[in-house]
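A structural walkthrough
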Amino acid sequence: MPESSELRMVVCIKQVPKAEQLKIDPVKKTLVREGVESEINPSDLHALEMALQLKDKHGGSLLALSMGPPRFIQALETAIGMGADEGILLSDRALGGSDTLPTSHALSKAVEHLGDFDIIFCGEETTDSSTGHVGPGMAANLDLPQLTYVVEVEVRDGHVRAKRAVEDGFEVWETTLPLVITVNHGCNHPREPTLLGKIKARTIGIIDDVNADDVGLDKEKIGLSGSPTVVDKIETVELPDRSGRIYSGEAREAVTKLLDDLEAEGII
Amino acid sequence: MDRFDVIVIGAGPAGSSAAYSLAKEGFSVLLIERGKFPGSKNVFGGRIYTYPLKRLFPEDWREAPIERYVVQENISMLSGDTAVTVQYDSLRTGSSRVNSFTAIRLKFDKWLAKRAGEVGAMVITGTRVDDLLVSNGTVFGVRAGGDEVKANVIIAADGVASIFAQKAGIRPELIPKEISVGVKETIKLTKKRIEDRFNVGEKEGVANAYIGQVTNFLRGGGFLYTNKDSVSLGVVVQSEDLSSHRTEIQELMERFKLHPSIQKYIEGGKVVEYSAHMIPELGTRMIPRPYANGFLAVGDAAGFVLSHGYTYRGVDLAILSGMAAAETVKAARAVNDYSAGSLSRYLHDLRSHGVLSELEEFGRTPSFLGNPRIYSAYPQLLCGILNRMYTVDGGKKEKMFHIAKEEMKGKISLMQLMKDLLGGTRSM
Ligand SMILES: Cc1cc2nc3c(=O)[nH]c(=O)nc-3n(C[C@H](O)[C@H](O)[C@H](O)COP(=O)(O)OP(=O)(O)OC[C@H]3O[C@@H](n4cnc5c(N)ncnc54)[C@H](O)[C@@H]3O)c2cc1C
Ligand SMILES: Cc1cc2nc3c(=O)[nH]c(=O)nc-3n(C[C@H](O)[C@H](O)[C@H](O)COP(=O)(O)OP(=O)(O)OC[C@H]3O[C@@H](n4cnc5c(N)ncnc54)[C@H](O)[C@@H]3O)c2cc1C
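Residues numbered from 1 in each chain as written. Chains lettered and ligands numbered in written order. Predicted model: local features only at pLDDT ≥ 70, side-chain atom pairs only at ≥ 80, totals over all residues. Heavy atoms only, no water.

1. Details of the overall build of chain A
- The secondary structure content of chain A amounts to six helices and eleven strands.
- Each principal axis of the C-alpha atoms in chain A carries an extent, and together these give about 65 × 50 × 40 Å.
- Of the roughly 15000 Å² that chain A leaves accessible, carbon and sulfur atoms contribute 51%.
- Between the averaged position of the 27 positive side-chain charges in chain A and that of its 46 negative side-chain charges there is a distance of 3 Å. (Helix = DSSP H or I, 4+ residues; strand = E, 2+ residues; numbered from the N terminus. Areas by Shrake-Rupley, 256 points an atom, 1.4 Å probe, with all protein chains shown as cover. Lys, Arg positive; Asp, Glu negative; His and termini not counted. Charge placed at Lys NZ, Arg CZ, Asp CG, Glu CD.)

And the structure:
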């Protein structure tokens, strides 16, 4: 027996290049996205897990939504494998080159197009651009309350109670449904996709034919033309060579020697 | 959806061929692979014989990720720093009769599984099958994590260490006596270096086999295959010999790489991959009845491998047995009977696909190949004889027969030599 009425939820997920494989094109100064292994943005997995736990408890439905090229289908299949009911890909050449403003705009429009939701989940930020703009941007576009960096959530009688991580501790907030929640990295253990989940993903397939017109996007407001960000310069910082010295032997002596050396080299 | 016509466990060459053949015939097929993608965990030497691929994809087998066509075979017997090599030049690449090619399993297995997917098999990766569902001696499904999926037939294509052939009760556990251990390195060179060093054309390559010093005269051998811009280099040794001689295979590999006949090829190269794997015993280890109620075993899982010191064949037999299993299942569907009795025609299908005849032909070889002298006395003998024949240092030259007789001293008797020779020719 669900504790409260069923929840309609959507989780926004982005497929990103694997963190350990991040490479910058030395000439174009942009991120290399082709030919590298990709994964679901890590905090989006935490968002998925948080939503799935709510679904386990309250019942209801969970959509996974992504905006990007067809290869993002893989991420949406994984989401269904984990327990999402459906995967929707908003894909359109006109969206290429979008910065966070059109991305938030397009995702908000897609959410409106897909129906009414109680909770819209996002990750706190992505590992390939890390702006953290998109969740709050969607809340603004949809005129909804937002709770960011959430680590725990509870829903009761149309109310949401959430614990959010702040710099020096936690805050607990309460607000009403519907709302936007962005989920803090590392707050839970995302489940693995199951065999039946993977079979389901293949059987029902991903709805991958949603384009800019379908969700009513104005071409001026998306893509490069809709993106006010101008990339002035990107610098890659070379890590300095480490000397890699090992101090062995008795702890007290080793530490004393280390401190002496650090002092001698003017580090402390 | 928790029911399929057929579930295939393992997307190696055997599993993907079975899945492809069945899906093409309209069966609903679930192909489950534990690796992140097909081929991600698979190890082999590096050469695939073309004939089964031509049967599976008569139109477009050349679209397979072929590294180089094998146009030259060398067998070298190593002793000390010396080597005696027998070279065989086969057909040039233009010929449609080209016999084998080199491949990288990462690419090959991925391609084969993709072909299965294209004709409708559902290929699921990153999932390990944990158990078979069995009731009253009939296999009726698989379990992975908490999930159960059912099918009329389960095909085990899970490779040499197949736990499912064991679980279905058709194969005993492997014992060290029955297995060899192989290590392999992929050494990156450049395309040009390969073509210069091996004296081959653009799409051409070589397959080299080594016995003798390479295994420190234990039963087994070494191999070298040329890929597009790398070589696959490896050593395989009987695991019983390894332990009784307290030898580490890694050490043999390191020394092998330093042998002058290998050094000249790999100099300046970079090791980009290292892997180790088991291989069923020298010769054949096929299980007599690779079927049970609702269950078939294909490829390495059924022991369909031919291996000796200087040649390894498994991928071709894996593909053929996958095709044979598909035939069997098709016939079983026609009579709607998936019992062991009905599936026993698998033996017939294996025979008509040439799997059994290949294995039986080699059936006599193991006793010959099990003969330790093949790996020790003979390489030493040959290298010794030729060394003395070709050493010109101003001293008096001896007669060939004399040299041979002296080199044989303490290594082997004339009687033994005759017996081995006879045994060898008979089993070839
Ligand atoms: C300086 C700079 C230059 C850039 N240049 C380009 C460029 O030329 N071309 C280009 O394509 N991109 C470019 N980007 C990337 C692009 O702006 C962002 O990837 C995109 O707008 C989302 O922002 P983000 O990755 O920072 O997401 P964040 O705001 O950090 O993400 C927060 C959450 O929003 C959700 N989310 C974000 N993106 C998506 C999505 N696509 N689908 C579904 N959910 C999502 C996820 O839940 C995510 O966890 C650039 C980024 C920067 C910072
Ligand atoms: C060192 C070495 C050199 C060799 N050289 C050659 C050569 O040059 N030419 C040649 O033809 N043969 C060679 N062989 C033999 C050849 O590799 C095998 O015969 C061949 O790979 C058999 O194919 P298979 O599909 O039966 O099994 P495999 O290729 O072993 O495939 C089994 C698959 O099942 C998957 N799997 C296993 N357990 C599970 C599970 N529980 N759930 C899901 N998936 C599972 C594995 O990940 C794997 O993908 C060599 C072998 C070795 C070890």
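Okay, back to it.
2. Brief notes about the interface of chain B and chain A
- Taken together, the contacts link 16 residues of chain B with ten residues of chain A.
- Both faces considered, chain B and chain A share a buried interface measuring about 1000 Å² in area, 63% of it formed by carbon and sulfur atoms.
- Of all residues in chain B, the largest losses of buried area upon contact with chain A belong to B:Met122, B:Ile124 and B:Asp147, amounting jointly to 42% of the total for that side.
- Residue B:Lys36 is joined to A:Glu37 by a salt bridge in which the shortest nitrogen-to-oxygen separation is 2.7 Å.
- Taken together, the connections running from chain B to chain A amount to eight residue pairs in polar contact (both at pLDDT 80 or more).
- When residues of the side of chain B that touches chain A are traced back to their parent elements, those giving at least two are strand S2 (29-32), strand S7 (122-124) and strand S10 (147-156) of chain B.
- By residue class, the composition of the side of chain B that touches chain A is nine nonpolar, three polar and four charged. (Contact = heavy atoms within 4.5 Å. Buried area = accessible area lost by both parts, 1.4 Å probe. Salt bridge = Lys/Arg side-chain N within 4 Å of Asp/Glu carboxyl O. Polar contact = N/O pair within 3.5 Å; in protein donor to acceptor, adjacent residues only side chain to side chain. Nonpolar A, V, L, I, M, F, W, Y, C, P; charged D, E, K, R; others polar.)

3. Here's the deal with the packing of aromatic side chains
Residues and elements named next belong to chain B.
- For the coordinates displayed, the defined rule picks out seven aromatic pairs over all chains.
- Taken together, a centroid distance of 5.2 Å and an interplanar angle of 65° make the contact between Phe 57 and Trp 111 edge-to-face. With Phe 57 in the loop between helix H2 (51-56) and strand S4 (68-79) and Trp 111 in helix H3 (residues 105-118), this pair connects stretches of sequence that are 54 residues apart.
- For Phe 57, a relative accessible area of 1% corresponds to the buried category.
- Each ring, one from Phe 198 and one from Tyr 265, has its centre 4.2 Å from the other, and the planes form 15°; the classification is stacked. Taken together, the residues span a long stretch of sequence, with Phe 198 in the loop between helix H5 (191-197) and strand S12 (204-212) and Tyr 265 in helix H8 (residues 260-266) at a distance of 67 residues. (Phe/Tyr/Trp six-rings, centres within 6.5 Å; stacked < 30°, edge-to-face > 60°. Buried < 20%, exposed > 50% of the residue type's maximum accessible area, 1.4 Å probe, protein only.)

4. Things to note about the site of ligand 1
All names here are of chain A.
- Around ligand 1, the structure places 26 residues, and the nearest of them are Cys 12, Lys 14, Asp 44, Thr 126 and Thr 131.
- Gly 132 places a main-chain nitrogen or oxygen 2.7 Å from an oxygen atom of ligand 1.
- One nitrogen or oxygen atom from the main chain of Val 134 is found 2.8 Å from an oxygen atom belonging to ligand 1.
- Listed by contribution, the elements that provide at least two residues to the shell around ligand 1 are strand S4 (60-67), helix H3 (100-114) and strand S6 (119-123).
- Looking at the shell around ligand 1, its residues break down into eight nonpolar, 13 polar and five charged. (Near = heavy atom within 4 Å.)

5. Some thoughts on the side chain of A:Asp99
All names here are of chain A.
- Of note, Asp 99 is situated in the loop between strand S5 (86-90) and H3.
- For the buried residue Asp 99, which engages in no salt bridge, the nearest side chain bearing the opposite charge is Lys 14, 11 Å off.
- A distance of 2.4 Å separates polar atoms of two side chains, one belonging to Asp 99 and the other to Thr 229.

6. Focus on the site of ligand 2
Residue and element names in this part refer to chain B.
- The environment of ligand 2 is formed by 33 residues, the closest being Glu 33, Gly 45, Arg 47, Arg 105 and Asp 300.
- Note that an oxygen atom of ligand 2 is positioned 3.2 Å from one of the side-chain N or O atoms of Asn 42.
- Side-chain polar atom of Arg 105 to an oxygen atom of ligand 2: 2.5 Å apart, as the coordinates give it.
- Compared with its free state, where it exposes 1000 Å², ligand 2 has 97% of that area covered by protein.
- Looking at the shell around ligand 2, the elements with two or more residues in it are helix H1 (13-24), strand S15 (270-280), strand S19 (311-313) and helix H9 (315-334).
- Top element by residues in the shell around ligand 2 is S15. It accounts for three residues.

7. Comments concerning the environment of A:Val151
All names here are of chain A.
- If you trace the backbone, Val 151 turns up in strand S7 (residues 146-156).
- Counting along the chain gives 91 residues from Val 151 to Gly 60, while the straight-line C-alpha distance between them is 21 Å.
- Leave out the neighbours within four places in its chain, and Val 151 touches Met 50, Lys 163, Arg 164, Ala 165, Phe 170, Asn 184 and Cys 187.

8. Here's the deal with the confidence of the model for chain B
- Put simply, chain B has an average pLDDT of 87, and 90% of its residues get 70 or more.
- Across the predicted assembly, pTM comes out at 0.87 and ipTM at 0.82. (pLDDT = per-residue confidence, 0-100.)

9. Points about the sheet that holds strand S10 (residues 179-183) of chain A
Residue and element names in this part refer to chain A.
- Taken together, the nine strands give an open sheet; going across it, the order is S9-S8-S7-S10-S6-S1-S4-S5-S11, and neighbouring strands pair in mixed fashion. Edge positions in the sheet fall to strand S9 (169-176) and strand S11 (207-210), since each has one partner strand and no second. For this sheet, the mean inter-axis angle between neighbouring strands, taken without regard to orientation, is 30°.
- Relative to strand S8 (residues 159-166), S7 runs antiparallel, the two sharing six bridges. (Pairing = 2+ DSSP bridges. Axes fitted to C-alpha atoms, helices over the stretch in contact; angles between N-to-C directions.)

10. A look at a nonpolar patch on the surface
- Residues A:Val255, A:Leu259, A:Ile267 and A:Ile268 make up a contiguous nonpolar surface patch of roughly 380 Å² in combined accessible area.
- The class for A:Ile268 is exposed, based on a relative accessible area of 57%. (Patch = residues over 30% accessible without salt bridge, like charges linked within 9 Å, V, L, I, M, F, W, Y side chains within 5 Å.)

11. Remarks on the nonpolar core
- If you look at the biggest cluster of nonpolar residues, it comprises 84 residues, and the most contacted ones within it are B:Phe108, B:Ile155 and B:Phe295.
- Per-element accounting of this core gives the leading share, eleven residues, to H9(B).
- Leaving out residues up to four positions away in the same chain, B:Phe108 has contacts with B:Ile48, B:Leu53, B:Ala64, B:Pro65, B:Phe101, B:Ala103, B:Val315 and B:Ile319.
- Formed by 35 residues, the second largest nonpolar core is a distinct cluster that contains A:Leu7, A:Leu48, A:Ala51 and A:Ile206. (Core = buried A, V, L, I, M, F, W, Y, C linked by side-chain atoms within 4.5 Å.)

12. Focus: the side chain of B:Arg171
Residue and element names in this part refer to chain B.
- Structurally, Arg 171 is set in the loop between helix H4 (163-167) and strand S11 (179-188).
- At a separation of 2.8 Å, a polar atom in the side chain of Arg 171 contacts the main-chain carbonyl oxygen of Ala 301.
- With residues up to four places along the chain from it excluded, the contact list for Arg 171 reads Gly 159, Val 160, Ala 161, Ser 162, Ala 165, Gln 166, Ile 287, Asp 300 and Ala 301.

13. Section: H1(B)
All names here are of chain B.
- Its twelve residues give H1 an end-to-end C-alpha distance of 16 Å, which sits within 8% of 16 Å, the value for a rise of 1.5 Å per residue.
- Of all the twelve residues making up H1, eleven are buried; the element is thus mostly covered by neighbouring parts of the structure.
- Those residues of H1 lying buried are Pro 13, Ala 14, Gly 15, Ser 16, Ser 17, Ala 18, Ala 19, Tyr 20, Ser 21, Leu 22 and Ala 23.
- Taken from the residues just after H1, Gly 26 is the one with a positive phi, measuring 90°. (Expected span 1.5 Å × (residues − 1).)

14. So, helix H5 (residues 195-204) of chain A
- Along H5(A), the residues that are buried comprise A:Leu195, A:Gly197, A:Lys198, A:Ile199 and A:Ala201.
- On the buried face of H5(A), the contacting elements are helix H2 (73-82) of chain A together with strand S1 (3-9), S2, S7, strand S9 (138-144) and S10 of chain B.
- Positive backbone phi, at 75°, marks A:Gly205, one or two positions downstream of H5(A).

15. Structural notes on the pattern of salt bridges
- Summed over the entire model, instances satisfying the criterion amount to 37 salt bridges over all chains.
- Residue A:Lys14 is joined to A:Asp128 by a salt bridge in which the shortest nitrogen-to-oxygen separation is 3.1 Å. Within this pair, whereas A:Lys14 is found in the loop between strand S1 (7-12) and strand S2 (15-17), its partner A:Asp128 is found in the loop between S6 and helix H4 (134-142), the two being separated by 114 residues in sequence.
- A salt bridge links B:Lys191 to B:Glu195; its shortest N-O distance comes to 3.5 Å. Placement of the pair is B:Lys191 and B:Glu195 together in helix H5, with a separation of four residues, close to one helical turn.

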